[in-house]
Amino acid sequence: MNEIPEVIRTIPLQYYLFFSSTLFVIGIIGVLTRRNAIIIFMCIELMLNAVNLLLTAFSAYRSDANGQVFVFFIMAVAAAEVCVGLAIIVMIYRNLRSTDINILSNLKW
Amino acid sequence: MRLSDLYFLMPLLILVGAATLNMLVVAVKRNHKVIFGITIVAHLVAVFTLLQLNGSSYQIPPFFVMDGWGIFNLGLILLTSLFVTLLSYAYFEQREERKEEYYLLLILATLGACVLVISQHFMALFLGLEILSVALYSLIAYLRTRERSDEAGIKYLILAALSSAFLLFGMALVYAVTGTMSFPEIGVYLQSVSELPLLLLTGFGLMIVGIGFKLGIVPFHMWAPDVYEGAPAPVTAFIATVSKGGMMGLLIRFFSQADAYRYANLMLIFTIIAIASMLAGNLLALRQKNIKRLLAYSSIAHLGYILVAFLAGNRLGVEAVSFYLVAYFITSLGAFGVVALLSDTERDADQLEDYRGLFWRRPATAAVFTAMLLSLAGIPLTAGFVGKFYILASGVNTQQWLLVLMLVLNSVIGLYYYIKVIAAMFAQTKSVQERRKVLHPALSFASGGAMAILGLLLIWIGVYPTSLVQLIRGLLATFMTTF
């Protein structure tokens, strides 16, 4: 049984970079095109997870623990962010009976 | 972790303690006055402990560094937050929503900004930024029953989360190339390479998205007017000052510690951003009838002015940024404080019509607001004028003629819409309607006193800037020894 960083290192670094960038871009496209607040949130989570993956890969390649510690911070903060975010979405749903962000257009110019 | 670390981190620890204490007190009994008192005392004690520290550079590896720049920013943030608290009391007393948690969130947001300005590591940067942002999400959407409040909340939430994802991706790329997350070590790496690798440049570019969003500069400014309008007036004051100032403090620390001023392409990006912010902010403000949105566009332009000084990239530039931040904080607090004072229970006083003939109804408030607007416009005898003069001096000193020219041009454009508001306040009106619930005079004492202090400070710094300049120079003596 190999060590996990060694397993990670069996795949070339570029592949991780391409894969994470693709995930990140899918996340951006999702945020820009979807209109449901909850799905937008899922897309942002996808972007954060792309970053996590990238940090883990770099950390394993450099044999430096900093990156992996950072991943834990990101996971914790993302959870906190989603808590507050979902609370606000619930509040909007109570007021408007919808989570479609197109309805929210009182504020412009 | 040494014992002396705790001594240097005392202002932050006091804020943590105050937040916990507030939470416990709310659990036992809800009392607006008690929570308000705890918050004020906590801020005062934090400022007091800060005064005990001298300006020497103290490292708390790997996350923090406590130097003159950090102490200056901490003091500025804590005092600003103190004023926001003072302004909040009368504002929230009028509203029937639960008001105690507001102070808890405000303390946490202040804590986040404090962590941000003393961080010298990506992890500390991220944690500080997120403590600030998460607290701000709930602060913006705090008045739950108002439709605009939750709309502003969700807009800020989605965009802030998106921008922190960009920031993180940028950090990951910088980490990939340099193999470190601490600013000084990134600086060491940058010294060893003659040219920026493409991956590193991409990383910096993505980080600029995250930083630019928090600063509210063009092209990441779209949230600013909406959030300013939707958020409660004291929270708007907080976003305009602490949240932007904290990020500016971090930006200057990053650039000086990593010595990133040397790269022409990074500087070019910031030059374009600065010019675009000044122009877009001022031009979009011209036709604005809503005071909060007008001030939002004006703050976009002001961040552009600050970037001019930042781009000078020398000691004079940092001094100018510091001075302008003080002037801008006082002015923004004063302006949004007036909005908070005039707001009634249903909505904030954000229409230009609310201010028509204000001088004849409430001369003192109108006088303070006039002083604040004149300072924003940069009229002599106000802090804003000296600040702008300082920025011009730093721009001329480094021969950035294009930026200087744009700054002067934009000051002229800006004058128009500030004067428009002042003219409205002095206009004679026939019908005088006061829809406000009349508060006990003692209640509005905190806000009134805070406004008076802000007005006096504004004039004092405008007439006699030497003392502030000397204070800033003294604190910056230990910062940026390279220049």
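Residues numbered from 1 in each chain as written. Chains lettered and ligands numbered in written order. Predicted model: local features only at pLDDT ≥ 70, side-chain atom pairs only at ≥ 80, totals over all residues. Heavy atoms only, no water.

As annotated in an unreviewed UniProt entry, chain B carries the name NADH-quinone oxidoreductase subunit N and is attributed to Adhaeribacter rhizoryzae. The record in UniProt for chain B states the following under Catalytic activity (unreviewed entry): "a quinone + NADH + 5 H(+)(in) = a quinol + NAD(+) + 4 H(+)(out)". (UniProt positions renumbered as here; feature names shortened; annotations may be inferred.)

Chain A carries the name NADH-quinone oxidoreductase subunit K in an unreviewed UniProt entry, which gives Adhaeribacter rhizoryzae as its organism. For the record of chain A, the UniProt heading Catalytic activity (unreviewed entry) holds the text "a quinone + NADH + 5 H(+)(in) = a quinol + NAD(+) + 4 H(+)(out)". According to the UniProt record, the Sequence similarities (unreviewed entry) comment for chain A is "Belongs to the complex I subunit 4L family."

A word on the overall build of chain B. For chain B, the count of helices and strands is 20 helices and two strands. If you line up chain B on its principal axes, its C-alpha atoms span 70 × 55 × 40 Å. Burial statistics for chain B: of 483 residues in total, 66% are counted as buried. When contacts within chain B are restricted to residue pairs at least 6 apart in sequence, long-range pairs at least 24 apart make up 80% of them. Total accessible area computed for chain B in this model is approximately 16,600 Å², and 70% of it derives from carbon and sulfur atoms. Averaging the locations of the 31 positively and 24 negatively charged side chains of chain B gives two centres separated by 6 Å. (Helix = DSSP H or I, 4+ residues; strand = E, 2+ residues; numbered from the N terminus. Buried < 20%, exposed > 50% of the residue type's maximum accessible area, 1.4 Å probe, protein only. Contact = heavy atoms within 4.5 Å. Areas by Shrake-Rupley, 256 points an atom, 1.4 Å probe, with all protein chains shown as cover. Lys, Arg positive; Asp, Glu negative; His and termini not counted. Charge placed at Lys NZ, Arg CZ, Asp CG, Glu CD.)

All names here are of chain B. Note that the residue after Pro61, namely Pro62, is joined by a cis bond; omega there is -5°. Note that Pro62 resides in the loop between strand E1 (58–60) and strand E2 (64–66). Cis peptide bonds are those with omega within 30 degrees of zero, and the linkage from Val218 to Pro219 qualifies with 0°. Considering the arrangement of structural elements, one finds Pro219 in the loop between helix H9 (198–215) and helix H10 (223–230).

Attention shifts here to empty space enclosed by the protein. Residues and elements named next belong to chain B. Considering all chains together, one arrives at five cavities of 30 Å³ or more under this definition. The volume enclosed by the largest cavity comes to roughly 60 Å³. Around the largest cavity, the lining residues are Phe204, Met207, Ile208, Ile211, Leu251, Phe254, Phe255, Leu266 and Phe270. Going through the elements one at a time, H9, helix H11 (233–257) and helix H12 (264–286) are the ones with two or more residues in the lining of the largest cavity. A per-class count over the lining of the largest cavity returns nine nonpolar, no polar and no charged. Its boundaries defined by the atoms lining it, the second largest cavity holds a volume of some 50 Å³. What lines the second largest cavity is Leu129, Glu130, Ser133, Ala160, Ser163, Ser164, Gly210, Phe213 and Lys214. Elements with a minimum of two residues in the lining of the second largest cavity: helix H6 (122–140), helix H7 (147–178) and H9. (1 Å grid on protein atoms, 1.4 Å probe; cavity = no way out; pocket = protein on both sides within 12 Å on 5 of 7 lines; lining within 4 Å. Points joined across faces, edges and corners; volume = space filled by probe spheres on them. Nonpolar A, V, L, I, M, F, W, Y, C, P; charged D, E, K, R; others polar.)

Residue and element names in this part refer to chain B. Here Lys99 shows up in the loop between helix H4 (68–93) and helix H5 (100–118). For the buried residue Lys99, which engages in no salt bridge, the nearest side chain bearing the opposite charge is Glu93, 4.9 Å off. Discounting residues that sit within four places of it in the chain, Lys99 has contacts with His32, Phe92, Glu93 and Tyr142. (Salt bridge = Lys/Arg side-chain N within 4 Å of Asp/Glu carboxyl O.)

Let's shift gears to the UniProt feature "domain: NADH:quinone oxidoreductase/Mrp antiporter transmembrane" (unreviewed entry) in chain B. In the UniProt entry, the feature "domain: NADH:quinone oxidoreductase/Mrp antiporter transmembrane" (unreviewed entry) is given for residues 119–414 of chain B. Structurally, residues 119–414 of chain B is divided into 79% helix and 0% strand, and its ends, taken at the C-alpha atoms, are 35 Å apart.

Taken together, the contacts link 46 residues of chain B with 40 residues of chain A. Buried surface at the junction of chain B and chain A, summed over both partners, amounts to about 3,800 Å²; 77% is from carbon and sulfur atoms. When the buried surface of chain B facing chain A is broken down by residue, Glu151(B), Phe169(B) and Tyr175(B) rank first, second and third, together holding 17% of it. Across the chain B-chain A interface, the total number found is zero salt bridges. At the boundary of chain B with chain A, the tally comes to seven residue pairs in polar contact (both at pLDDT 80 or more). (Buried area = accessible area lost by both parts, 1.4 Å probe. Polar contact = N/O pair within 3.5 Å; in protein donor to acceptor, adjacent residues only side chain to side chain.)

Moving on, we come to the pattern of salt bridges. Residue and element names in this part refer to chain B. Going through the model one piece at a time under the given rule, you end up with 14 salt bridges over all chains. The closest approach of N and O atoms between Glu229 and Arg148, which form a salt bridge, is 2.5 Å. One end of the pair, Glu229, is in helix H10; the other, Arg148, is in helix H7, with 81 residues separating them in the sequence. On the accessibility criterion, Arg148 (36% relative accessible area) is partly exposed. Of the charged contacts, one joins Arg293 and Asp226 as a salt bridge, the two residues approaching to 2.9 Å between their closest N and O atoms. Highlighted residues: Arg293 in helix H13 (residues 291–312) and Asp226 in helix H10, separated in sequence by 67 residues. Judged by relative accessible area, Arg293 falls into the buried class, the value being 2%. A single network of salt bridges, built from pairs that share partners, joins Arg148, Glu151, Lys155, Asp226, Glu229 and Arg293.

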